[in-house]
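Here are the chains, one letter per residue:
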Amino acid sequence: MNHIIYQIKDCYFNKNLMFILLLLISLLIIQPLSAQQEIFNSAKDASGKSLALAKSDYRTKQILDQMDKYDVKEYILDLNVSNSSSMISGNATIVTEVKDATIDSFIIELINNVEANKTYMIVDSVFVNGIKTAFTHDNDLINVPLTTSFTAGARLSVKIYYYGDGQESALTNYNGILCSAPTYNKYGEWICCSYSEPFWSKVWFPCKQILTDKADSVKVIITTENSNRAGANGTLTSVTNLPNKKVRYEWKSNYPIAYYLISFAVGPYIENKTYAKLNTPPDSVLIQSYLMNNSPYLSMQLVAVSKTKRLIELFSKLFGRYPFYKEKYGFCVMPGAWGAMEHQTMTTIGYMALDTTAGAVGTTYYYWYSAHELGHSWFGDNVTCATWQDIWLNEGFASYCEYIASQNLESNDRAAYWMNNAHQAVLGYSGGSVFIPEEFKNDENTIFYYPIAYKKGPSVLHMIRFELQNDSLFFNVLRSYQQKYRFGSATGMDFKGVLEEKSGRDFTDFFNQWYFGQGYPKFKLTWYQKNDTLIVNSNQTTSTPVVPLFKMSLELKLNYSLLFPLKTDQYSGQN
């Protein structure tokens, strides 16, 4: 039992009135790291069902070691895509730099078969530095033996011709190529787009699925029917009309990019362009969006695009200039109504999710989708979690951007509604660690478990803000984190390091409780007054028996009445 003692001076409480003590708690934890396996072995979701077991990694240590011997410099994707089929064909060039001269095999990931005759990729041929080379394609890996030696620092360019059906399915957790007509559409207009996070870029292009190896640049070239537009990462560098009613779109991004953020979207889109203001040169950033002209949600979406300008301006002020300002930000609507994915510089989003008017979503998600996906431009795209165990740095921070948007661009009531919504989601689930233990690092159900990743994660960040008691310092920490790890990757401990450096405080106990531990505390408060002293007794229990006592700052609100006015002494003279 903890005792909180308040000395009451120069006033008297009316003993006939009850004090109301409000304990403001952001949902948190303390748990030794050694107990992580025990925690997750006993973890249950809100329905009482055991969490899904971790999936094994098909890449052995030997394979990962071989892949670590080269660094991806650029992906060049040259693909034939239709808006009405998940079939694709073309080639991918992976430009790399050799890191280790002992490399004797080039290994890259591409599915060979997920579902028979449904989701598959077939490799026609492979060229290494322009020379046709033998290869094997099995177990989702292309293995190209290297017949010549390479020195460290040498360029190694591998061009792979392939084709197949990248259709999303239950076996890919509905990632891959999404292709259908929106349910509202009466005109037979289809949309085809990619959706890859976290492990499914390999469904549609050869890639190295390691978060710490960002490509320095990417080029996405899409050839499609001339009734379509094709959107992708970066800047649209050319549009070329071709025979047989075809058109080729070429997109290029010169910013580093993680494999899962590379994307395309193809459909009979209309293009919308507008600009957001920046306080630092250049003075504006392009917002380029691909929307559907015949959609009943178009006017709602245009409002959301317009409001995105204010979001870019706000987040640039708080986190630092929009990271990809030399290229663009924008949206591509997808066939489904809901969901969104923060593809770098061009978010793929459901046609009802692109809403800031509450016209489609009501009060539950109003304004949150747009803020969340844009927030990923800083937290996830610019600085990417170094492992999926640290998904907090992506989803937790982007979710907190929803709260920041509500707080700054809506109202305190809307911000309070958001925070209460987050807390209620976490209170419905007694366990769960924000940090993903090793044995669950490949389990998508654990990585993206909604109450933890999207609600507890931002609540922990809000608690850090509360602990600092200084908004200028809090946002300085976020800006410093962005600057230090810009265009790279980071772990939760990297963020902790920036936090401690800027604040001058030790957050070890905090992270052991709230990041590595699980659950939350429950407090029962009693109080009594003895003369001029108020004594508050706090009795703490925890939401799950595997966690010990929480150490944390508390805020108490005292409601009281006075029998007599406060006495004020005035002093004049020299000290």
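Draft legend 1. View of the sheet that holds strand β15 (residues 229–232). Spatially, four strands are ordered β12-β13-β18-β15 in an open sheet, and the strand pairing comes out antiparallel. Of all strands in the sheet, those bounded by a partner on one side alone are β12 (176–180) and β15. Looking at each pair of strands side by side, their axes are set apart by 15° on average, direction ignored. Bridge analysis of strand β13 (residues 191–195) against strand β18 (residues 264–267) gives two bridges, and the strand direction is antiparallel. Note on β18: the bridge partner recorded for C192 is V266.

Draft legend 2. Layout of the side chain of S289. Turning to its location among the elements, S289 is positioned in strand β20 (residues 284–292). A polar atom in the side chain of S289 sits 3.2 Å from the backbone nitrogen of F331.

Draft legend 3. Up close: the pattern of salt bridges. With the rule as written, the count across this model stands at 15 salt bridges. In this structure, K208 and D213 form a salt bridge, with 2.7 Å as the shortest nitrogen-oxygen distance. Judged by its relative accessible area of 7%, D213 falls in the buried class. One connected set of salt bridges, linked through shared partners, spans D71, K73 and D216.

Draft legend 4. Structural view of a nonpolar patch on the surface. Taken together, the side chains of M87, I122 and Y163 present a nonpolar region at the surface, about 220 Å² in accessible area. As for its placement among the helices and strands, I122 is situated in strand β7 (residues 119–128). Its relative accessible area of 34% is what places I122 among the partly exposed residues.

Draft legend 5. Highlighting the pairing of strand β27 (residues 533–542). When you tally the buried positions in β27, you get seven out of 10 residues, the bulk of the element. Pairing between strand β26 (residues 521–530) and β27: 10 bridges, direction antiparallel. If you follow L525 over to β27, its bridge partner there is S538. Taken together, β26 and the strand that follows it, β27, pair antiparallel across an intervening segment of two residues, in which N531 is found at a positive phi of about 55°.

Conventions and cut-offs
Residues numbered from 1 in each chain as written. Predicted model: local features only at pLDDT ≥ 70, side-chain atom pairs only at ≥ 80, totals over all residues. Heavy atoms only, no water. Pairing = 2+ DSSP bridges. Helix = DSSP H or I, 4+ residues; strand = E, 2+ residues; numbered from the N terminus. Axes fitted to C-alpha atoms, helices over the stretch in contact; angles between N-to-C directions. Polar contact = N/O pair within 3.5 Å; in protein donor to acceptor, adjacent residues only side chain to side chain. Salt bridge = Lys/Arg side-chain N within 4 Å of Asp/Glu carboxyl O. Buried < 20%, exposed > 50% of the residue type's maximum accessible area, 1.4 Å probe, protein only. Patch = residues over 30% accessible without salt bridge, like charges linked within 9 Å, V, L, I, M, F, W, Y side chains within 5 Å. Areas by Shrake-Rupley, 256 points an atom, 1.4 Å probe, with all protein chains shown as cover.

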